[in-house]
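Per-entry structural report
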Amino acid sequence: MAERSLLNQLIDALRCLPGVGPKSAQRIAFHLLDHDREGGRRLAVVLGDAMERINRCARCRTLSEQALCALCANPNRDPSLLCIVENPAEIVAIEQATGFRGLYFVLGGRLSPLDGLGPAQLGLDVLEARFREGGLAELILAVSATVEGIATSNYIAEQAARHGVRVTRIAHGVPLGGELEHVDGGTLAHAFAGRHAI
Amino acid sequence: MHSRDRLEQAFVLHRRDYSNTSLLIEVFSATQGRFPAIAKGAKRGRAPTAVLLQPFTPLWLSWSGRGEVRTLARAEAAGGALTLPGKALFCGFYLNELLMRLLGRHDPQEDLFAFYHAALTRLALGDDLDGPLRQFELRLLQDTGYALDLEQEWDTGEPVVAGRSYVHEPERGMRAASGVDEGLTVAGATLLALAAGEPLAGTAAREARGLMRAALAPYLGPRPLKSRELFQQSGGASTAPPLHEGD
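Rules and cut-offs
- Residues numbered from 1 in each chain as written.
- Chains lettered and ligands numbered in written order.
- Predicted model: local features only at pLDDT ≥ 70, side-chain atom pairs only at ≥ 80, totals over all residues.
- Heavy atoms only, no water.
- Helix = DSSP H or I, 4+ residues; strand = E, 2+ residues; numbered from the N terminus.
- Rg over C-alpha atoms; globule rule 2.2 N^0.38 Å.
- Buried < 20%, exposed > 50% of the residue type's maximum accessible area, 1.4 Å probe, protein only.
- Contact = heavy atoms within 4.5 Å.
- Areas by Shrake-Rupley, 256 points an atom, 1.4 Å probe, with all protein chains shown as cover.
- Lys, Arg positive; Asp, Glu negative; His and termini not counted.
- Charge placed at Lys NZ, Arg CZ, Asp CG, Glu CD.
- Domains from an automatic or database assignment.
- Buried area = accessible area lost by both parts, 1.4 Å probe.
- Salt bridge = Lys/Arg side-chain N within 4 Å of Asp/Glu carboxyl O.
- Polar contact = N/O pair within 3.5 Å; in protein donor to acceptor, adjacent residues only side chain to side chain.
- Pairing = 2+ DSSP bridges.
- Axes fitted to C-alpha atoms, helices over the stretch in contact; angles between N-to-C directions.
- Parallel < 35°, antiparallel > 145°, perpendicular 65-115°, else oblique.
- Nonpolar A, V, L, I, M, F, W, Y, C, P; charged D, E, K, R; others polar.

**Quick word on the overall build of chain A**
Looking only at helices and strands, chain A features eight helices and six strands. For 198 residues, the compact-globule estimate of 2.2 N^0.38 gives 16 Å, and chain A exceeds it by more than 25% at 22 Å. Overall size of chain A, expressed as C-alpha extent along the three principal axes, is 70 × 45 × 35 Å. Scored against the burial criterion, the 198 residues of chain A give a buried share of 33%. Intrachain contacts of chain A at a sequence separation of at least 6 include 49% that bridge at least 24 residues. Of the accessible surface of chain A, which amounts to about 12,100 Å², a share of 57% is contributed by carbon and sulfur atoms. Side-chain charges in chain A split into 20 positive and 22 negative, and the spacing between the mean points of these groups amounts to 2 Å.

**Quick word on the domain arrangement of chain B**
Residue and element names in this part refer to chain B. The domain boundaries assigned to chain B delineate domain 1 (8-77) and domain 2 (87-238). Taking the mean C-alpha position of each, domain 1 and domain 2 sit 29 Å from one another. Counting residues at the interface gives 22 residues for domain 1 and 19 residues for domain 2. When domain 1 packs against domain 2, the two sides together hide about 1,800 Å² of surface, and 67% of this comes from carbon and sulfur. Glu26 serves as the salt-bridge partner of Arg105, at 2.9 Å between the closest nitrogen and oxygen. Seen at the junction of domain 1 and domain 2, the total is seven residue pairs in polar contact (both at pLDDT 80 or more).

**A look at the side chain of Arg70 of chain B**
Residues and elements named next belong to chain B. Structurally, Arg70 is set in strand S5 (residues 70-77). There is no salt bridge for the buried Arg70, and the closest opposite charge comes from Glu68, which lies 7.3 Å off by N-O distance. For Arg70, the side chain forms a polar contact with the main-chain oxygen of Gly65, separated by 3.4 Å. If we skip the residues at most four places from it in the chain, Arg70 touches Gln32, Phe35, Pro36, Ala37, Ile38, Trp63, Ser64, Gly65 and His106.

**Regarding the sheet that holds S5 of chain B**
Residues and elements named next belong to chain B. In spatial order, the strands read S1-S2-S3-S5-S4; together these five strands close into a barrel with mixed pairing. Ignoring which end each strand starts from, the neighbouring axes of this sheet average 45° apart. In the packing of helix H2 (residues 110-125) onto the sheet, the strands contacted are strand S1 (8-18) and strand S2 (22-29), and the crossing angle to S1 comes to about 75°.

**With respect to the packing of helix H1 (residues 87-102) of chain B against helix H3 (residues 130-143) of chain B**
Residue and element names in this part refer to chain B. Contact geometry for H1 and H3: axes closest at 11 Å, N-to-C directions at 10°. Between H1 and H3, the crossing angle belongs to the class labelled roughly parallel. Between H1 and H3, the residues in contact are Cys91, Tyr94, Leu95, Leu98, Leu99 and Leu102 and Leu133, Phe136, Glu137, Leu140 and Leu141, respectively. Broken down by class, the residue content of the contact of H1 with H3 amounts to ten nonpolar, no polar and one charged.

Okay, here's the thing in structure tokens:
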């Protein structure tokens, strides 16, 4: 049996990227080999380093090359506010859009028994340790408004209640610039239930 | 054959992302049973269908295709989503996990579908979680061909009486407990109450829980049910967890 050529191996390897099929993988491989060897080399080095050295922050489980991520290590952040998110990408979004000055905790998903994701897979034991340390004034749940997200919120809220920590959830409702008639019934019901005085 | 224009009553049991904008959903429909379907572009647009395609939302769905995986054509809400409060939501996941494990694909189960809808409606009330779960477990065994007779001894055919103790034998049924039987015995009164769908509390509720766990075990396969974990770990000393404790 003939050994697979290096080119084929490269095309195959590129297909692990999200949204990249055989066609795109081939295009990327040819582009790097024909036009951008320097970029390709840099990618190879950085990718190799990143895969070896980036791990999870011991406190908040976000991706970090240090044992403690930059946010957790920052003394100017308020350690009594803890915002729970599903993925590291959401930290970036919240940091850019809001003036939140507290810390984060990354679940890496949501409780979904049918996918085999239970409390242990979401690092809720790490969160439990965080509760025991004390010093938390408010826990902010910023998880998806899906059934699994609500289950996750319920579970964590119960956990927090045992430690006497106040729990809040970010609001669900009509998007800014959105027109009511195009908002689905469920969202509208939430928006109505969560109305407040102006 | 199913027409893509005909809307059928259905629930989504489970969903997962499929490419950037689509979903792969597991449908439980009244007329066609459980089957997977692709909801193309469900997460796209101004009013994405992904909002609707969630567990515990009564739906009208239509689909096309003949293969194992169907293609979703339309989805409309059939009334509002059933809001399962707190632990009732974990119970809902448990029902879905049971259906995924015990129900074969493309096996029509109209009665079970109605029973599932009713069980969710009762769970949504949030006051009694044990009752709907036990009744659903019994019904699921019955409708999948593994009925458990609670009112008759399997070996002698004698009727179960309230004053005696009974032992469950896997894949057979109940028999009268003898002096040497240790471990799990169930009071006849509990069996009769369970069969009649009466509310159970305290010891009776615990017995019924253990019994149904043992009765389901042979059909669930070796992997433990993940939704049970949610109860084992979420403490709550105030009320007994409605699912089974420990392994």
